[in-house]
Amino acid sequence: MFRIICLVIGYFLGCIQTAYFMGKANHVDISKKGSGNLGTTNTVRVLGIKKGLFTFFCDVLKSAAAFYICFFIFKQDPVVAGFYGSAGAILGHDFPFFHGFKGGKGIAAMLGMMLGAFPFPALIVYIIAILILLSGYVSIASLSLSVLIPVTLYISGYPSEVVALTSALAVLAFIKHRQNIKRLISGTESRFDIIGKLKPKKKEM
């Protein structure tokens, strides 16, 4: 029963769509611009790097918040409760009820979930994901991250239920990235220059 409660708690936290509300604050409907995805990458493309990073950190934090709220409420099995809380946040992010169940792809929220597994498994996942991200292909970093999470948790000795849950979330991530996968296979996936976005623009003389 506590698992369902954790999923519900996490789901409503996950429905706080940072990209959507950031767009509204700037008089833009993010879901109708760029890729239409309510996530970090599309927010950066539409609103710029600063607003995109703000969106990213908020999406990470809402998942981490769901983890720790459930962790501290359900003392009988806090780790499992925490991961179910974050799983709910990922589902809420991907399928927000107030927006026709059309949201983001849940990768930032998956990173937030890993804050509950800090430090060792989280650091491994973060470092590898950052290295892949520097290649410029966000989708490859995202898909790699989704696979690394259950693998790292398994190696680190986490409960099999947690490994199974995060494996299911990895499958969901692949489903959400199916168009990206098609473009990767066909060689048409566009690069996203993270370093270039972070560099300050030179002032014209």
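Anything mentioned here points back to the structure above.
Residues numbered from 1 in each chain as written. Predicted model: local features only at pLDDT ≥ 70, side-chain atom pairs only at ≥ 80, totals over all residues. Heavy atoms only, no water.

**Here we look at the pattern of salt bridges**
Right, so step 1: In total, this model carries three salt bridges according to the counting rule given.
Right, so step 2: Note that E161 is salt-bridged to R3, the shortest N-O span being 2.5 Å. Taken as a pair, E161 in helix 9 (residues 160–176) and R3 in helix 1 (residues 2–14) lie far apart in primary sequence, 158 residues in all.
Right, so step 3: Of the residues examined, R3 reaches a relative accessible area of 28% and is grouped as partly exposed.
Right, so step 4: D59 serves as the salt-bridge partner of K62, at 3.3 Å between the closest nitrogen and oxygen. Here the residue K62 and the residue D59 both occupy positions in helix 4 (residues 49–73), the gap between them amounting to three residues, near one helical turn. Here the two residues K62 and D59 agree in accessibility, since each one is buried. (Salt bridge = Lys/Arg side-chain N within 4 Å of Asp/Glu carboxyl O. Helix = DSSP H or I, 4+ residues; strand = E, 2+ residues; numbered from the N terminus. Buried < 20%, exposed > 50% of the residue type's maximum accessible area, 1.4 Å probe, protein only.)

**Points about the side chain of T55**
Right, so step 1: For T55, the location among the structural elements is in helix 4.
Right, so step 2: Discounting residues that sit within four places of it in the chain, T55 has contacts with T18, A19, M22, G39, T40 and T43. (Contact = heavy atoms within 4.5 Å.)

**Details of unusual backbone geometry**
Right, so step 1: Of note in this structure, H27 is not a glycine but carries a positive phi near 60°.
Right, so step 2: Following the sequence through the fold, H27 ends up in the loop between helix 2 (18–25) and helix 3 (40–47).
Right, so step 3: Overall, H27 belongs to the exposed group, its relative accessible area being 77%.
Right, so step 4: Phi is positive for F101, close to 60°, though the residue is something other than glycine.
Right, so step 5: Mapped onto the secondary structure, F101 falls in the loop between helix 5 (78–94) and helix 6 (107–114).

**Focus: helix 4**
Right, so step 1: Spanning 25 residues, helix 4 covers 36 Å between terminal C-alpha atoms, matching the ideal 36 Å at 1.5 Å per step.
Right, so step 2: Elements in contact with the buried residues of helix 4: helix 1, helix 2, helix 3, helix 5 and helix 6. (Expected span 1.5 Å × (residues − 1).)

**Points about a nonpolar patch on the surface**
Right, so step 1: Among the surface-exposed residues, M1, I4, I5, V8, F12, I16, F21, F97, F98 and F101 lie close enough to one another that they form a single nonpolar patch of about 1,000 Å² accessible area.
Right, so step 2: Here the nonpolar patch takes four residues from helix 1, the largest share from any one element.
Right, so step 3: One can find I4 in helix 1.
Right, so step 4: Relative accessible area serves as the criterion here: at 52%, I4 is assigned to the exposed category. (Patch = residues over 30% accessible without salt bridge, like charges linked within 9 Å, V, L, I, M, F, W, Y side chains within 5 Å. Areas by Shrake-Rupley, 256 points an atom, 1.4 Å probe, with all protein chains shown as cover.)

**Considerations on the state of the cysteines**
Right, so step 1: Across all of its chains, the model carries zero disulfides by this definition.
Right, so step 2: Left without a disulfide partner, C6 is nearest to the cysteine sulfur of C70, which lies 3.6 Å away.
Right, so step 3: On the basis of relative accessible area, C6 is assigned to the buried category, the value being 0%.
Right, so step 4: Residue C70 is classed as buried on the basis of its relative accessible area of 0%. (Disulfide = S-S within 2.5 Å.)

**Examining the packing of aromatic side chains**
Right, so step 1: Counting across every chain of the model gives 15 aromatic pairs.
Right, so step 2: Ring centres 5.3 Å apart and planes at 70° place the aromatic pair F56 and F57 in the edge-to-face group.
Right, so step 3: According to the relative accessible area criterion, F56 is partly exposed, its value standing at 24%.
Right, so step 4: The exposure class assigned to F57 is partly exposed, which follows from its relative accessible area of 49%.
Right, so step 5: Here Y68 and F71 contribute two aromatic rings whose centre-to-centre distance is 6.2 Å and whose plane-to-plane angle is 65°, an arrangement assigned as edge-to-face. With Y68 and F71 both in helix 4, this residue pair falls three residues apart, about one helical turn.
Right, so step 6: Under the relative-accessibility criterion, F71 is labelled partly exposed at 24%.
Right, so step 7: Through pairs of rings, three or more aromatic residues link up here, namely Y11, F12, Y20, F21, F97 and F98. (Phe/Tyr/Trp six-rings, centres within 6.5 Å; stacked < 30°, edge-to-face > 60°.)

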